[in-house]
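# Coordinate inspection notes
What follows is the residue order along each chain.
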Amino acid sequence: MTKKEICEKLNIDSGTLKNWEKSRPELHKIVIEYFGNGEIPNLNNVEYLKKEMMRAIDKLPEVKTKKFYHLMMAELAEMGH
């Protein structure tokens, strides 16, 4: 997807995207990566969701990883797993 198409999809001016590149580089990077490959992720695809969850967990500090583990296990226990 081109930058012009990304701007149209987000309903923003092309100047906004350029400004983000300089003033908010992390936001710019996320937007470009999200739309950059031309695919919008299928959030109904369980395998995609699992992969994204693992990527997100890999970025967490150890304390947060443990917290999410316990939250997930508690959720599973409530479901009888």
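Above this text is the structure in question.
### So, a nonpolar patch on the surface
Where nonpolar side chains cluster on the molecular surface, the patch consists of Leu43, Leu49 and Met53 and spans about 280 Å² of accessible area. Examined against the element boundaries, Leu49 turns out to sit in helix α4 (residues 46-58).

### So, the pattern of salt bridges
Tallying each qualifying case throughout the model produces 3 salt bridges. A salt bridge links Arg55 to Glu52; the shortest N-O distance between them is 3.1 Å. Within this pair, Arg55 and its partner Glu52 are both found in helix α4, separated by 3 residues, close to a single helical turn. Among the salt bridges present, the one from Lys66 reaches Glu62, with a minimum N-O distance of 3.1 Å. Here the residue Lys66 and the residue Glu62 both occupy positions in helix α5 (residues 62-78), the gap between them amounting to 4 residues, near one helical turn. Judged by relative accessible area, which is 47%, Lys66 ranks as partly exposed.

Calculation rules
- Residues numbered from 1 in each chain as written.
- Predicted model: local features only at pLDDT ≥ 70, side-chain atom pairs only at ≥ 80, totals over all residues.
- Heavy atoms only, no water.
- Patch = residues over 30% accessible without salt bridge, like charges linked within 9 Å, V, L, I, M, F, W, Y side chains within 5 Å.
- Areas by Shrake-Rupley, 256 points an atom, 1.4 Å probe, with all protein chains shown as cover.
- Salt bridge = Lys/Arg side-chain N within 4 Å of Asp/Glu carboxyl O.
- Helix = DSSP H or I, 4+ residues; strand = E, 2+ residues; numbered from the N terminus.
- Buried < 20%, exposed > 50% of the residue type's maximum accessible area, 1.4 Å probe, protein only.

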